[in-house]
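Architecture at a glance
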Amino acid sequence: PVGSVTATKTFGLKHTIFDDALRNSWTNTSYSSTLNLASTENNRRGTAAIKATYIGFGAVRFRLVSKFNTAGYSMVKISIFGGAGTQGKKIRISVTPAAQTYELILNEGKWTDYQVPLINIGNPATIEYITFQEFSNFASQVYIDDVGFY
């Protein structure tokens, strides 16, 4: 048989920030949160994920000193597992240089794959920081995996 299949989600990353570890010279500059960048407790794919324990309005933030050129990329991709009490809570994506923000709604007890078109965060030409900030003022725990651009 010959045929094709279509999917609403794009598989893989063209530029990786995190998959099992930080990649491509991205560094951790998170604040008001506790991170385990090599947690094996609950991962989406591979062997490790980021276990993030947020304090209200804390953030998981990554920096690329040389700045990421977004030419040829169309979206940010991230997978998040919502811990206890996170159903309906928000994580806001922002980038520096400042553009726009975009809110992700968490799903408790399962992995959710998010694809955010760059136009939804201001279509920046370059990115030095990308921030995933807890935005419900709620102390919570999430797992993060497969972060990057497509």
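Throughout what follows, the structure given in this document is the object of discussion. (Residues numbered from 1 in each chain as written. Predicted model: local features only at pLDDT ≥ 70, side-chain atom pairs only at ≥ 80, totals over all residues. Heavy atoms only, no water.)

Bringing the environment of D113 into the picture now. With respect to the element layout, D113 can be found in strand β8 (residues 111–117). A sequence separation of 92 residues divides D113 from A21, and the C-alpha atoms of the two residues are 18 Å apart. There is a polar contact of 2.7 Å between the side chain of D113 and the side chain of R44. In this structure the side chain of D113 is engaged in a polar contact, spanning 2.6 Å, whose partner is the side chain of S79. (Helix = DSSP H or I, 4+ residues; strand = E, 2+ residues; numbered from the N terminus. Polar contact = N/O pair within 3.5 Å; in protein donor to acceptor, adjacent residues only side chain to side chain.)

In this section: the nonpolar core. In this structure, W26, F62, I80, I130, F132, I144 and F149 are the most contacted members of the largest nonpolar core, which totals 29 residues. Those elements giving two or more residues to this core turn out to be β1 (15–18), β4 (49–69), β5 (75–82), β6 (90–96), β8, β9 (126–134) and β10 (140–149). For this core, the element with the highest residue contribution is β4, accounting for seven residues. If sequence neighbours within four positions are ignored, I144 has contacts with F18, A49, I50, Y54, V60, I78, S79, I80 and W111. (Core = buried A, V, L, I, M, F, W, Y, C linked by side-chain atoms within 4.5 Å. Buried < 20%, exposed > 50% of the residue type's maximum accessible area, 1.4 Å probe, protein only. Contact = heavy atoms within 4.5 Å.)

Scanning the model with the defined rule gives eight salt bridges in all. Between R63 and E128 there is a salt bridge, with the nearest N and O atoms lying 2.5 Å from each other. On the criterion of sequence distance, the pair formed by R63 in strand β4 and E128 in strand β9 is long-range, its members being 65 residues apart. Classification of R63 by relative accessible area gives partly exposed; the value is 25%. Judged by relative accessible area, E128 falls into the buried class, the value being 13%. E103 serves as the salt-bridge partner of K90, at 3.6 Å between the closest nitrogen and oxygen. Of the two residues, K90 is situated in strand β6 and E103 in strand β7 (residues 102–105); the sequence distance between them amounts to 13 residues. Exposure remark for K90: the relative accessible area of 31% places this residue in the partly exposed category. With a relative accessible area of 28%, E103 lands in the partly exposed category. Residues joined by salt bridges that share partners form a network here, namely R63, K67 and E128. (Salt bridge = Lys/Arg side-chain N within 4 Å of Asp/Glu carboxyl O.)

Attention shifts here to the pairing of β6. Here β6 shows one buried face, formed by I91, I93 and V95, and one open face, formed by K90, R92, S94 and T96. In terms of strand pairing, β6 meets β7 through four bridges, oriented antiparallel. In the sheet register, R92 faces β7, and the bridge partner there is E103. Hairpin connection from β6 to β7: five residues lie between these consecutive antiparallel strands. (Pairing = 2+ DSSP bridges.)

These figures come from the coordinates and say nothing about function on their own.
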